[in-house]
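Residue-level listing of the chains:
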Amino acid sequence: MSQQIKSKESSRFNLYSLLIAGLLSATFSCSNSNSTREQESWDSPVKAPELSKETRVESADDERTSWQNPALVIDKLGNIRNKTVADIGAGMGYFTFLMAEKGARVLAIDIEPDYIAYIQQLREESQMYSRNMIEPRLSMAEDPLIGSNEVDAALIVNAYTFLPERIEYLKKIDRGLKPNGILCIVDYKSPEVPVISEDTPVLELNQITDELRSAGFRILETDTVSLEYQFVITATSQL
């Protein structure tokens, strides 16, 4: 695993430090979008990792919700009830549990064992989710480990720029998507936005869409206006 990815994963503890307390009861309103169309095998629940007490502007759940607008992001995937969605770079489950609340079976995919353990414990302790609604899955830096035609949709939020060999990684996601499956990528418009650290890599929108096309995807929508700090790209396989 590259040092850059380890740095990214470590910093995400701060991003989620106040998330879980309000996550399961959170409800969100979805704003209108002005855009350009174009087995689990667990021995027992484990103790959640100790979270850093360091605070940043992005640490508080309510602050993140105000700029992340998770309801709008999830809506980009379409109706996910009774569908299987891969939350790639799930972290501590910000989107994982919200999508499960909407009736999706969610693969919470991450390369960090501590995050996988945390989601596993939270799932076990929650009364809201059956065991088959959320599957924590430890992946590899270069491979999300999604089975062929396993998922109806995939979501990558604030993690795409840290992926190694992105085009090859996208091809592996494509193989995991069912016919007409949707991939949604959410990432930052600029390195100057106040909700990221100075060492966070940022890619131009056009570079990401070019990489998607190179990997065999067709762009459905590029939304640059709905979120203050981020753009949202939705795509589907060209095949």
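Conventions used here
Residues numbered from 1 in each chain as written. Predicted model: local features only at pLDDT ≥ 70, side-chain atom pairs only at ≥ 80, totals over all residues. Heavy atoms only, no water. Helix = DSSP H or I, 4+ residues; strand = E, 2+ residues; numbered from the N terminus. Buried < 20%, exposed > 50% of the residue type's maximum accessible area, 1.4 Å probe, protein only. Areas by Shrake-Rupley, 256 points an atom, 1.4 Å probe, with all protein chains shown as cover. Salt bridge = Lys/Arg side-chain N within 4 Å of Asp/Glu carboxyl O. Contact = heavy atoms within 4.5 Å. Expected span 1.5 Å × (residues − 1). Core = buried A, V, L, I, M, F, W, Y, C linked by side-chain atoms within 4.5 Å. Phe/Tyr/Trp six-rings, centres within 6.5 Å; stacked < 30°, edge-to-face > 60°. Pairing = 2+ DSSP bridges. Arc of directions from axis to C-beta.

Trainee: I'm lost on the overall build of the protein chain in this one. Help?
Mentor: A tally of helices and strands in the protein chain yields eight helices and eight strands. For the protein chain, with 239 residues in total, the buried portion stands at 56%. Total accessible area computed for the protein chain in this model is approximately 11200 Å², and 46% of it derives from carbon and sulfur atoms.

Trainee: Explain the pattern of salt bridges to me, please; I cannot follow it from the model alone.
Mentor: Oppositely charged side chains are able to pair whenever their charged atoms sit close together. Counted under the stated rule, the structure contains ten salt bridges. For Glu135, the salt bridge goes to Arg105, with nearest N and O atoms at 2.7 Å. Of this pair, Glu135 sits in strand β4 (residues 134-138) while Arg105 is found in strand β3 (residues 105-110), placing the two residues 30 residues apart along the sequence. Among the charged side chains, a salt-bridge network with shared partners connects Arg105, Glu135, Arg137 and Glu150.

Trainee: Would you take a moment to explain the environment of Lys83 for this structure?
Mentor: Looking at the secondary structure, you find Lys83 in the loop between α4 (70-75) and β2 (84-88). What makes Lys83 partly exposed here is its relative accessible area of 34%. On a C-alpha basis, the gap between Lys83 and Val106 in space is 8.4 Å, while along the polypeptide they are 23 residues apart. Ignoring sequence-local partners within four residues, the contact set of Lys83 consists of Gly103, Ala104, Arg105 and Asp152.

Trainee: Before we go on, may I ask you to explain the environment of Leu163 in this structure?
Mentor: If you trace the backbone, Leu163 turns up in the loop between β5 (151-157) and α7 (166-176). Sequence separation between Leu163 and Gly89 is 74 residues, and the spatial gap between their C-alpha atoms is 9.7 Å. In this structure, Leu163 is in contact with Ile156 and Tyr169, ignoring residues within four places of it in sequence.

Trainee: What am I meant to see in helix α6 (residues 113-125) here?
Mentor: Its 13 residues give α6 an end-to-end C-alpha distance of 18 Å, which sits within 8% of 18 Å, the value for a rise of 1.5 Å per residue. Every buried residue belonging to α6 is among Tyr115, Ile116, Ala117, Tyr118, Ile119, Gln120, Gln121, Leu122 and Arg123, and all of these are buried.

Trainee: Sorry, what's going on with the nonpolar core here?
Mentor: Judged by nonpolar contacts, the single largest core of 29 residues is most densely connected at Leu77, Phe95, Met99, Leu155 and Val186. Put simply, the parts of the chain that give this core at least two residues each are α4, α5 (94-101), β3, α6, β5 and β6 (177-188). Per-element accounting of this core gives the leading share, six residues, to α5. In this structure, Ile88, Leu163, Leu183 and Ile185 belong to the second largest nonpolar core, which totals 26 residues.

Trainee: Can you walk me through the environment of Ser130 in this structure?
Mentor: Along the chain, Ser130 falls in the loop between α6 and β4. Among the residues examined, Ser130 registers a relative accessible area of 35% and is labelled partly exposed.

Trainee: Just to check I follow, could you spell out the packing of aromatic side chains for this structure?
Mentor: The description of an aromatic ring pair rests on the distance of the ring centres and on the angle between the ring planes. On inspection of all chains with the given rule, the structure shows three aromatic pairs. Ring centres of Trp67 and Tyr188 lie 6.2 Å apart, and the angle between their planes is 40 degrees; this geometry places the pair in the tilted category. Here the residue Trp67 occupies a position in helix α3 (residues 61-68), and Tyr188 occupies one in strand β6, the gap between them amounting to 121 residues. Owing to a relative accessible area of 5%, Trp67 belongs among the buried residues under this scheme.

Trainee: How should I be thinking about the pairing of β3 in this particular structure?
Mentor: In summary, the side chains of a regular strand alternate between the two faces of the sheet. Burial analysis of β3 places five of its six residues in the buried class, the great majority of the element. Of the strand pairs in this sheet, β2 and β3 are connected by five bridges, and their pairing is parallel. Across the sheet, the residue bridging to Thr84 is Arg105, located in β3. Note that β3 and β4 share five bridges and pair parallel. Paired with Ala108 across the strands is Pro136, a residue of β4.

Trainee: Could you clarify how one ought to interpret helix α8 (residues 205-214) in this entry?
Mentor: Quick reminder: α-helices carry 3.6 residues per turn. Residues three or four places apart thus point the same way. Among all positions of α8, only Ile208, Thr209, Glu211 and Leu212 are buried. Within α8, the buried residues cover an arc of 160 degrees as seen down the axis, which keeps them to one side. Here the buried face of α8 lies against α7, β6, β7 (217-223) and β8 (230-237). Trailing α8 by a residue or two, Gly216 shows a phi angle of about 100 degrees, which is positive.

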